[in-house]
Amino acid sequence: MDCPNVLITAPSVGRKNATLICVPVIAESVEKMKIHMHKAKAEGADLVELRLDSLNTFDPFQDINTLIHHRPLPLLFTYRPKWEGGMYDGDENKRLDALRVAMELGADYIDVELKVAHQFYDSIRGKTYNQTRVVVSSHNFELTPSTEDLSNLVARIQATGADIVKIATTAVDIADVARMFQIMVHSQVRHVPLIGIVMDDRGLISRVLCAKFGGYLTFGTLESGVVSAPGQPSLKDLLHLYNFRALAPDTKVYGLIGKPVSHSKSPMLLNEAFKSVGFNGVYIILLVDNIANFLRTYSSTDFMGFSVTIPHKETAVKLCDEVDPVAKSIGAVNCIIRRPTDGKLIGYNTDYIGAISAIEDGLRGKHNGSSTVVSPLAGKLFVVIGAGGAGKAVAYGAKEKGARVVIANRTYDRARELADAIGGEALPLADLDNFHLEDDMILANTTSIGMIPKVDETPISKHALKHYSLVFDVVYTPKMTRLLKEAEEAGVTIVTGFEMFIGQAYGQFENFTGLPAPKKLFRQIMKDY
Ligand code: NAP
């Protein structure tokens, strides 16, 4: 048969790992599959998985022949039955026949489920299909088994005669992924090609860091959000956000610990900044339910630093071996570094500097840019909404700069506690609209009110904003919150959470790399934001 000559696994020159990126294609027609596989090649994939179970009509010989004939990349044929999470609901013999046809026509890879692998191998015994590598797969949509059970599963799959072992499990907690990394490393040492995927958003690190830990391939979608299994990143994100080709066994892992975390711009900023200075690190989103469990599990020097956000900043203080004095006073850590010499965790707070310098710049701008040694916050009445991690950072910072601080919080006791700690006043949040001790006060929202998706919410009535000379909002998704829009309409100077975000990110970068932050680059990357 006349097939284009495509290489199966040879990695391109210059890449630091051999892990392939496979684009899963789910389409109702062969024509659409052809379009998608060419797009996958153009965007930098190594191979394409064609999900035969997604086709509306399917003539195995004709359609597989057409697809192989037009392949711009190696093809993996998967015909997933309903009983293994797919869409095929017909006769099993017909399904396995189609996979045999794919082998006969020279498919590069086919996928056979573990449950039917012995039966499938029996049916092809005595025949040789040199071109096709068989992936034997097992999917667990509920959990990730113990390391011992995973090892046994690898052995069972190998025993079928599989060329490549595929295990896809589900992350109930991000710590589950560590077990997959363990068997990945173990399999690599024993030269067993293993695709180890942990599904769900909590399993994202398995899909990116498999390049570091020696996985055979990962899946990346053509369009973000259009996935064939839960938690798949896009091909673009793998290549350009996480710099997948440059990941190597010695690449250090950094990331943002939080819940929720998917909205964060930090991966974009920090990975680009790492790249610009040639720093061998990757920064990834870490959806963490239990930070103590996370830090205990990922305690090796592969994992060198973390940003910390909602709701873990206060717990993080207790979990660090040492805490910077400023972070200790604030009672919140938003940046953790693993000290290379002894592996100890050191906690910092970079929110404080980011927020306060942004507000000072805003006030100075209002005063015709005059830069004085004395902070423009000195003597001002500074109202902080919120008493969580960001609230403490802003309140502590404002106090340090000589402001008189008032804390308004939904839970009054927390407002009282913070006010007592910094020598300020406390206010129930319900009284904020009528609070008017003087004109020209400063207002800082440090709660998540107004954040995507609840963009219509605001912590204070518009009419009350006229008593303030500057309004700052810690929320940066969206950049212009309802609070800021209404403050601007009321003629008040505004400072966005974006300014704080960029300021705290400089600090994170410097803590992680020990290098000065490329400030111009940070602003350039974020300019369209
Ligand atoms: P946190 O420690 O969980 O504190 C949340 C605070 O918000 C608490 O005071 C809480 O009040 C209050 N709150 C939450 N939902 C509320 C609601 N519906 N009504 C009234 N009050 C509410 O969180 P955090 O770490 O301080 O983060 C807060 C926000 O700051 C997040 O949106 C985060 O993304 C943002 N942030 C932005 C930057 C940046 O660079 N711009 C940096 C850090 C954080 P209770 O005490 O009553 O629960």
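A quick note: this is a predicted structure, and the numbers were derived from the prediction, not measured.

Chemist: What's the story with helix α5 (residues 147-159) in this structure? I'm lost.
Modeler: Working note: α-helix, 3.6 residues per turn, so residues spaced by three or four point in the same direction. For α5, with 13 residues, the first-to-last C-alpha span of 18 Å sits near the 18 Å given by 1.5 Å per residue. Among the residues of α5, L150, L153, V154 and I157 are the ones counted as buried. Down the axis, α5 shows its buried residues gathered within 100° of arc, on one side only. In α5, the exposed positions angled more than 90 degrees off the buried face are occupied by E148, R156 and A159. Of the surrounding elements, those touching the buried residues of α5 are α4 (114-124), β5 (133-139), β6 (164-170), α6 (176-189) and β7 (194-199).

Chemist: How should the sheet that holds strand β9 (residues 252-258) be read in this particular structure?
Modeler: Backbone-to-backbone hydrogen bonds join strands into a sheet, with any given pair of strands oriented parallel or antiparallel. With mixed pairing, six strands are arranged side by side in an open sheet as β10-β9-β11-β13-β14-β12. The sheet is open, and its two borders are formed by β10 (281-287) and β12 (322-323), each paired with just one other strand. Running at roughly 165° to β10, helix α9 (residues 266-276) makes contact with β9 and β10 of the sheet. Where helix α17 (residues 497-513) meets the sheet, its contacts fall on β9, β10, β11 (303-308), β13 (335-338) and β14 (345-348), and the angle it forms with β13 comes to roughly 10°.

Chemist: Help me understand the pairing of β6, please; the structure alone is not making it clear to me.
Modeler: Consecutive residues of a regular strand have side chains that alternate between opposite faces of the sheet. With seven of seven residues buried, β6 is to be regarded as a mostly interior element. What you see with β6 is no split at all: I164, K166, A168 and T170 on one side and V165, I167 and T169 on the other are buried throughout. Taken together, β5, α5 and β6 form a β-α-β motif whose crossover is right-handed. As paired elements, β6 and β7 share six bridges and run parallel to each other. Bridge pairing links K166 to I195 in β7. The parallel pair β6 and β7, bridged by α6, forms a crossover whose chirality is right-handed.

Chemist: Would you mind showing me how to read the layout of surface pockets here?
Modeler: The gaps of empty space that remain are located by a probe, the size of a water molecule, rolled over the atoms. Of the voids in this model, the largest pocket is the one considered here, and its volume is about 1200 Å³. In terms of lining, the largest pocket is formed by 48 residues, of which the most central are I310, A390, T446, T447 and S448. Top contributing element to the lining of the largest pocket by residue count: α17, with six residues. Here the lining of the largest pocket is composed, by residue class, of 20 nonpolar, 21 polar and seven charged. The volume enclosed by the second largest pocket comes to roughly 510 Å³. Lining the second largest pocket are 20 residues, and of these L204, D237, Y242, S262 and I285 sit closest to its centre. For the lining of the second largest pocket, the elements supplying multiple residues, two or more each, are α8 (235-241), α9 and β10. When grouped by side-chain class, the residues that make up the lining of the second largest pocket number ten nonpolar, seven polar and three charged.

Chemist: Sorry if this is basic, but what is going on with the packing of aromatic side chains here?
Modeler: The tally for this structure, following the rule as stated, stands at 18 aromatic pairs. Look at Y79 and Y88: their rings are 4.7 Å apart centre to centre, the planes differ by 55°, and that puts the pair in the tilted class. The class of Y79 is buried, set by a relative accessible area of 9%. Owing to a relative accessible area of 14%, Y88 belongs among the buried residues under this scheme. Each ring, one from Y298 and one from F303, has its centre 4.9 Å from the other, and the planes form 55°; the classification is tilted. Of the two residues examined, Y298 and F303, each falls in the buried class. Among the aromatic residues, those joined into a ring-pair cluster are Y254, F274, F279, Y283, Y506, F509, F512 and F522. Positioned above the aromatic ring of F213 is the side chain of K212, whose terminal nitrogen or guanidinium carbon lies 5.4 Å from the ring centre. Note that K479 overlies the ring of F498, its terminal NZ or CZ placed 4.4 Å from the centroid.

Chemist: Hey, could you run me through the UniProt feature "domain: Quinate/shikimate 5-dehydrogenase/glutamyl-tRNA reductase" (unreviewed entry) in the protein chain in this one?
Modeler: According to UniProt, the feature "domain: Quinate/shikimate 5-dehydrogenase/glutamyl-tRNA reductase" (unreviewed entry) maps to residues 375-474 in the numbering used here. Between the end C-alpha atoms of residues 375-474 the distance is 20 Å, and the span holds 23% helix and 26% strand.

Chemist: How should the sheet that holds β6 be read in this particular structure?
Modeler: If you trace the eight strands from one edge of the open sheet to the other, you get β7-β6-β5-β4-β3-β2-β1-β8, paired in parallel fashion. The open sheet terminates on both sides in strands that have one partner only, identified here as β7 and β8 (217-219). Each adjacent strand pair in this sheet contributes to an overall mean axis angle of 25°, direction not counted. Of the pairings in the sheet, the one linking β5 to β6 comprises five bridges and is parallel in character. For V135, the partnering residue across the bridge sits in β6 and is I164. Docked against the sheet, helix α1 (residues 30-42) engages β1 (20-25), β2 (47-51) and β3 (75-78), running at close to 160° with respect to β2.

Chemist: What is the right way to read the UniProt feature "domain: SDH C-terminal" (unreviewed entry) in the protein chain from this model?
Modeler: Here, the residues flagged by UniProt with the feature "domain: SDH C-terminal" (unreviewed entry) are residues 497-526. Here residues 497-526 is 80% helix and 0% strand, with 13 Å between the C-alpha atoms at its ends.

Chemist: How should I be thinking about the nonpolar core in this particular structure?
Modeler: For soluble globular proteins, the rule of thumb is that nonpolar side chains tend to be buried together. Ranked by internal contacts, the top residues of the largest apolar core, which has 118 residues, are F77, I110 and I167. Not counting chain neighbours up to four residues away, the residues in contact with F77 comprise L50, L52, I64, L67, I68, L99, A102, A107, Y109, I110 and D111. Listed in part, the 30 residues of the second largest apolar core include I356, V384, A390 and A415.

Parameters at a glance
Residues numbered from 1 in each chain as written. Predicted model: local features only at pLDDT ≥ 70, side-chain atom pairs only at ≥ 80, totals over all residues. Heavy atoms only, no water. Helix = DSSP H or I, 4+ residues; strand = E, 2+ residues; numbered from the N terminus. Expected span 1.5 Å × (residues − 1). Buried < 20%, exposed > 50% of the residue type's maximum accessible area, 1.4 Å probe, protein only. Arc of directions from axis to C-beta. Contact = heavy atoms within 4.5 Å. Pairing = 2+ DSSP bridges. Axes fitted to C-alpha atoms, helices over the stretch in contact; angles between N-to-C directions. Right-handed = clockwise from strand over helix to strand, strands pointing away. 1 Å grid on protein atoms, 1.4 Å probe; cavity = no way out; pocket = protein on both sides within 12 Å on 5 of 7 lines; lining within 4 Å. Points joined across faces, edges and corners; volume = space filled by probe spheres on them. Nonpolar A, V, L, I, M, F, W, Y, C, P; charged D, E, K, R; others polar. Phe/Tyr/Trp six-rings, centres within 6.5 Å; stacked < 30°, edge-to-face > 60°. Lys NZ or Arg CZ within 6 Å of the ring centre and 35° of its normal. UniProt positions renumbered as here; feature names shortened; annotations may be inferred. Core = buried A, V, L, I, M, F, W, Y, C linked by side-chain atoms within 4.5 Å.

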